[in-house]
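Architecture at a glance
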Amino acid sequence: MAQIYVSGHRNPDMDSIASAIAYSRLKNILDGENQYVPIALGPLNVQSKAVLEGLGIPSPLFVKDVFSRVCSVYRKPTMVLDPDDPVYELVNMYNQNNPSVVTIMDGDEFCGLLSIDEINRYFLRENTGQRPVYDILLRNIPRVIKGFFLKKGGQEMIHAAIMVGAMDYKVFCRRLSECGTKPVLVVGNRLDHIKAALDAGLPGLILTGMSEDGLQQIDLSRYNGFVYVSHEDTAETIRLLRLSVAVDTLLVHKNTVRITDDMLFETAKGILAESEERGLPVFSHLTDEYIGFITRRCFLNMPRQKIILVDHNEAMQSVPGLEDAEIVEILDHHRLDAPKTRNPISIIASPVGSTCTIVYDLYQRHSADLDEPTARLLLAGISSDTVMLKSPTATSLDMHAVSEICSAFSIDYDAFCRELFSNGSSLSSLDPAKAVSSDFKIYSECAVRFGIGQVEVTTFSDLSDVRDRYLAALESLKKAEKLEWTMLLVTNVMSEESMLIATEYKKNYKLLYEEREKGVYYLPGVLSRKKQLLPEIIRVLS
């Protein structure tokens, strides 16, 4: 089951939040094969919070971006070895399953990753021209070679070469004396060779082809090393003994590059490409625990988060990382400037006053159950975006939706709107930076990038007192977003008029509105940013 996000625009308003939640619910009713999750791209405004709390509807999931990350492609370890496990088990894993890498863990502590490359290096190291020396872990011997210990000795780990006692006795004694490091001897039923090895104090003997009578003739009373009786022949015993060394021996170089699960897909792909490793470990960015690994196979195809855009369609107003995502549907009531999609998609764009009107219509088309909390949420979205149906953006379809919802659930519309807009406030009660950015949209027209925010209040009486603070907040936002002009439309929903606070721009003088004071303009009857203010701004720029 795929998880598909339903997302409104950045700096979400009531219509954006309500349409995302209500449309997610409808999609989950209609499509049982996927899970639709409403998301928010920023903090909810006061009005949206109050409505959701009053209806008992959870706030949408906050998502900061939809860039593809390592968490979508890393592999959880299914084959894990202890550092002391024999190489024999590692080789068997590759023979049976051919994994990309095998994880080595000491309890909860990550030790490293081993691949076929490390196995190859191990065997190549044995053939460098010098007699190889092994770290032989005694408890691994019976795990690899069938047999039993005749005597264990006092050491658990032995650092020694391997020698075979198959030569003439005199030659054997001479060769034994020439060894710089005392070897572990693998020998058959040659009692003279065995006695010489015991007398020389070799660290260990592995006996092959020994009968019960032969074993009883060996005096181990003064010997401190180990003696192991193999049930295999000599050649097979030697082969398996080399595979009894601990896998930790193969970790010649520990993995130093650390990949976290929140790392960007392309960043991790580049790091792995520059590495000589077949795989790199992945750690949780929250707990720093080892959680898995990545290999080159993980980056053959970039996973893309599926997303439905509601109440917007322009990339600059959408979630960061949209270029990495897969847009599967668009539901909007704004002009179209959607990014190019990889596949044909469903686009429902209607010139109505609110996206919630479109969502309501879809519930009716599909005869889907519309519960009262969702109906009231849609009503709030329509009323907020059309300013109680007083905005010039309001259409007969918006009015029809409002009428049907109020009739179906016995809602007093005037009382509903009074409560909805009772959360309106004065400019002095708001934080200027948050007020300016909470419902801020960026546009690009006539080669000019500009932005317009909007906030609803119930009085203009304190505007002169806070003008400088709001102009400073607009200047900061202009610099942060690299814009040429920033504005805040302050709308009094009760008196159906607005004030425009605008930063200085070379064409400010062309605005048709009355400038009440420096940077502040009076807009009688203006309630809609999209339908009333934006056309005037585009006229000024053209």
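Here the structure is shown first, and the text comes after it.
All of these numbers come straight from a predicted model, not from anything done at the bench.

Definitions and cut-offs
- Residues numbered from 1 in each chain as written.
- Predicted model: local features only at pLDDT ≥ 70, side-chain atom pairs only at ≥ 80, totals over all residues.
- Heavy atoms only, no water.
- Helix = DSSP H or I, 4+ residues; strand = E, 2+ residues; numbered from the N terminus.
- Buried < 20%, exposed > 50% of the residue type's maximum accessible area, 1.4 Å probe, protein only.
- Areas by Shrake-Rupley, 256 points an atom, 1.4 Å probe, with all protein chains shown as cover.
- Lys, Arg positive; Asp, Glu negative; His and termini not counted.
- Charge placed at Lys NZ, Arg CZ, Asp CG, Glu CD.
- Salt bridge = Lys/Arg side-chain N within 4 Å of Asp/Glu carboxyl O.
- Polar contact = N/O pair within 3.5 Å; in protein donor to acceptor, adjacent residues only side chain to side chain.
- Contact = heavy atoms within 4.5 Å.
- Axes fitted to C-alpha atoms, helices over the stretch in contact; angles between N-to-C directions.
- Parallel < 35°, antiparallel > 145°, perpendicular 65-115°, else oblique.
- Left-handed = near helix turned anticlockwise from the far one by under 90°.
- Core = buried A, V, L, I, M, F, W, Y, C linked by side-chain atoms within 4.5 Å.

A word on the overall build of the protein
Per the secondary structure count, the protein includes 17 helices and 25 strands. For the protein, the C-alpha atoms occupy an extent of roughly 115 × 50 × 40 Å along the three principal directions. Burial analysis of the protein (542 residues in total) assigns 52% to the buried set. When the accessible surface of the protein is split by element, carbon and sulfur atoms take 49% of a total near 25400 Å². Distance from the positive charge centre (57 side chains) to the negative charge centre (72 side chains) of the protein: 6 Å.

Side note on the pattern of salt bridges
Close approach of charged atoms allows side chains of opposite charge to pair. On inspection of all chains with the given rule, the structure shows 25 salt bridges. Here Glu445 and Arg335 are joined by a salt bridge, their closest N and O atoms 2.3 Å apart. You can see Glu445 sitting in strand β20 (residues 440–445) and its partner Arg335 sitting in the loop between β18 (326–332) and β19 (346–349), a full 110 residues away along the chain. Accessibility expressed as a relative area gives 17% for Glu445, which makes it buried. For Arg335, a relative accessible area of 37% corresponds to the partly exposed category. In this structure, the salt-bridge partner of Glu517 is Arg467, at a minimum N-O distance of 3.5 Å. Of this pair, Glu517 sits in strand β24 (residues 514–517) while Arg467 sits in helix α16 (residues 463–481), and the two are 50 residues apart along the sequence.

Topic: the side chain of Asn313
Position of Asn313 relative to the elements: it lies in the loop between β17 (306–310) and β18. Classification of Asn313 by relative accessible area gives buried; the value is 1%. There is a polar contact of 3.1 Å between the side chain of Asn313 and the backbone nitrogen of Ala338. If we skip the residues at most four places from it in the chain, Asn313 touches Ile330, Asp332, His334, Arg335, Leu336, Asp337, Ala338 and Pro339.

Quick notes on the packing of helix α1 (residues 14–30) against helix α12 (residues 372–385)
Two elements in contact, α1 and α12, have axes separated by 8 Å at closest approach and are oriented at 150°. Considered as vectors, α1 and α12 are oriented roughly antiparallel to each other. The two elements α1 and α12 meet at a crossing, and its hand is left-handed. Packed against α1, whose contacting residues are Met14, Asp15, Ala18, Ile21, Ala22 and Arg25, the element α12 presents Thr374, Leu377, Leu378, Ala380, Gly381, Ser384 and Asp385 at the interface.

Thoughts on the packing of helix α11 (residues 355–365) against helix α13 (residues 396–408)
Direction vectors running N to C along α11 and α13 enclose 60°, while the axes themselves pass 10 Å from each other. Between α11 and α13, the angle is such that the two are oblique. Crossing geometry of α11 relative to α13 is assigned as left-handed. Here Thr357, Tyr360 and Gln364 of α11 come into contact with α13, specifically with Leu397, Asp398, Ala401, Glu404 and Ile405.

Remarks on the nonpolar core
Of all hydrophobic cores here, the largest spans 50 residues; its most connected members are Tyr23, Leu377, Leu378, Leu379 and Tyr413. Not counting chain neighbours up to four residues away, the residues in contact with Leu379 comprise Val402, Ile405, Cys406, Ile411, Tyr413 and Phe416. Of all hydrophobic cores here, the second largest spans 34 residues; its members include Ile104, Leu114, Val144 and Leu243.

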